[in-house]
Every structure is written in structure tokens, then in C-alpha cells.
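Chain by chain, the residues:
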Amino acid sequence: MVYLTRIEHFNAAHKLYNPAWDREKNEIVFGKCANDNWHGHNYELHVTIKGEIVEDTGFLFDVKILSLLINEFVIEKLDHKNLNLDVEFLKDKMCSTENLAIAVWKQLQPHLPAPVKLHCVKLYETPRIFVEYFGD
Amino acid sequence: MQSKKVSVYRREHFNAAHRLHNPAWDAEKNFDVFGKCSNPNFHGHNYEIEVRITGETDPETGFVINLKVLRDIIKETILEKLDHKNLNLDVPEFKDVNPTVENIVIFIFNALREKIDLKFELHVRVYETPRNFAEYPAS
């Protein structure tokens, strides 16, 4: 078994705000992240796949194709977007890094050809804050 | 003679939303010029700022400037105004100024210049992404 990681990045606006709560409660729980007019981040996405090496190529999987899949199903939908307003697959979800990592997993997983398996989606919201999701 | 001047640096960061948009142009021209940066619903960045102060060291302290004091000035003057804000909507200085990284670095320089003793040279660098940054004054 070998693990292969591709790093991509996107820039997006978001806010943390639960519409079921009033403004005061949102500010108590989410602080300045609840700012009505949004704020934003440079997100960095690490996608790790796992599997066995194909003898003919020496590859687990062609990393160029992995990059194209991440770009088509994730980056193009998130980059320079407002995560709360512009992204169909995040509709009605809280735009936390945790939920975003799980949503990225769901976007990518169906497009990876067997026997390659998705191992981890690691998502940095800032250089100091990141989330890892392993699919369970 | 050997120069007595030393440069000291303080790095800070803030997270903000913005869009690049010229209100004098229609949406099509804005998209032609600014591309996806003109998205009406905004996007955002983790901005990093690097403030450089140059001067002679004080013989009593060994400091050019107390970096704790510099940090507090940056926090009060810049970060409280920009962090977790929408640069276009929440910051009056960008009401009629496009919040490009160039204009942001000039804004930060001017705001800090008012608070930092003129005996010090000031230089500011702003990173919009790890790959795009601007500095003022230009070198």
C-alpha cells in the first residue's frame, strides 16, 4: 500500500452563521466569523489517495489526472466564490472547515477509479487551522 | 563608517473578503479585466502583513523599537479594522478605492505612518496569497 497526496488551493469568502439563531447568539458562538458581510480565506486542500503501485507505470495513479479531477469537481466550484451563496453542494450546510472537508470528500470519492481509494481530505483554512477527514 | 541602522520586522495576519470591481464599468468589462476576482458575492484571503522599521538601536534598550509596542500599534490601527471584515463594504477607506493588494499596502502604510515616529523608516509588505504580494514604498 502506498499513499499519494496532491495539494491544490482556492480562495473564498464565507461566514459562520446559523439562521435558526438570532444575531446575538450567532455572535456569542461564532464571534467575528459571523460578520454579516463575510470574510475570507486562502484555503489549501491536500487530497491523499491510497492503493497498490501499477507495475507498468510505477504509479499508484497518474497525479495529473488526480489534479484534473480535484480541479473539475472541487476547485472550479469553490475558487473565488462565496461558500454560503455560490456553492450548490454546500447549500443549507454550515460553512465550517469540518463540513467543507466532508463535502470535498463526497465530491471527489465517486470519481476515483477503482482500485484507487480516497484516504484523506486535509483542508487548511489558515496556515494554523486545518481539518482532516478519513471518510468515517 | 559602519552603519548603525538596523531593520526589525513584525508579521501579522488578517482574514477578509473582497472583490475587485470598478463601478464605472459594466459587469462584462469588470469580468474581462478582473476575471473571477469580480464575483459579486465576493471571495476572500488570508492576508499576511510584514512591517519593517529601520533606525538606530537605542543604547539603553538595545532596541530599534519595542516590538511589543509595534505589535499593539498594528493590532489597533490595522487588524481591528480589517480582520474578519469585507474590505469593500466594511472599511470606509475602500468605499471608492478598489481593494487590490496594491491599494491595501498603501492604506496600511499611511495608517501606520501616522502612528510611528518619523525618525524611523517604515516599509510594508502585504501578501494576499503565499504567491502574490505587494510592498510600499517600492524598492
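Numbers given to residues run from 1 along each chain, matching the order in which its sequence is written. Chain letters start at A and ligand numbers start at 1, both assigned in the order the entries are written. Where local features are concerned, this predicted model is filtered to residues with pLDDT of at least 70; where side-chain atom pairs are given and counted, the filter is 80 or more; whole-chain, interface and lining totals use all residues.

(A) Spatial organisation of the overall build of chain B. Put simply, DSSP marks the helices as runs of H or I at least four residues long and the strands as runs of E at least two long, and each gets a number from the N terminus on. A tally of regular secondary structure across chain B gives four helices and five strands. A principal-axis box enclosing the C-alpha atoms of chain B has dimensions of 60 × 30 × 25 Å. Remark: C-beta atoms are placed from the backbone, and a residue is labelled buried if 20 or more other C-beta atoms sit within 10 Å of its own, exposed if 12 or fewer do, or partly exposed between those counts. Within chain B, buried positions represent 30% of all 139 residues. The contact criterion used here is simple: two residues whose C-beta atoms, placed from the backbone, lie within 7 Å are in contact. The contacts in chain B between residues at least 6 apart in sequence include a share of 68% that link residues at least 24 apart.

(B) Molecular detail of helix H2 (residues 63–78) of chain A. Residue and element names in this part refer to chain A. What a helix is expected to span follows from its residue count: subtract one and scale by 1.5 Å. Here H2 is 16 residues long and its end C-alpha atoms lie 21 Å apart, about the 22 Å a rise of 1.5 Å per residue gives. One axis fitted to the seven residues ending at a residue, another fitted to the seven starting there: the angle between these axes is the bend at that residue. At Asn 71, H2 shows its largest kink, close to 45°. The inward-facing, buried residues of H2 abut strand S1 (2–14), strand S2 (39–51), strand S3 (81–82), helix H3 (83–86) and helix H4 (97–108). His 80 occupies a position one or two residues after H2 and carries a positive phi of about 60°.

(C) Layout of the sheet that holds strand S2 (residues 43–56) of chain B. Residues and elements named next belong to chain B. At least two DSSP bridges between two strands are needed for those strands to be called paired. Strand order across the open sheet formed by five strands is S3-S1-S2-S4-S5, with mixed pairing between neighbours. Pairing within the sheet leaves two strands with one partner each, and these edge strands are strand S3 (85–86) and strand S5 (133–136). The strands touched by helix H2 (residues 67–82) are strand S1 (5–18), S2 and S3; relative to S1, the strand with the most contacts, the crossing angle is about 20°. This element, helix H4 (residues 101–113), spans S2, strand S4 (121–127) and S5 of the sheet and lies at about 145° to S4. Note on geometry: axes are lines fitted to C-alpha atoms, helical ones only across the stretch in contact, with angles between N-to-C directions running from 0 to 180 degrees.

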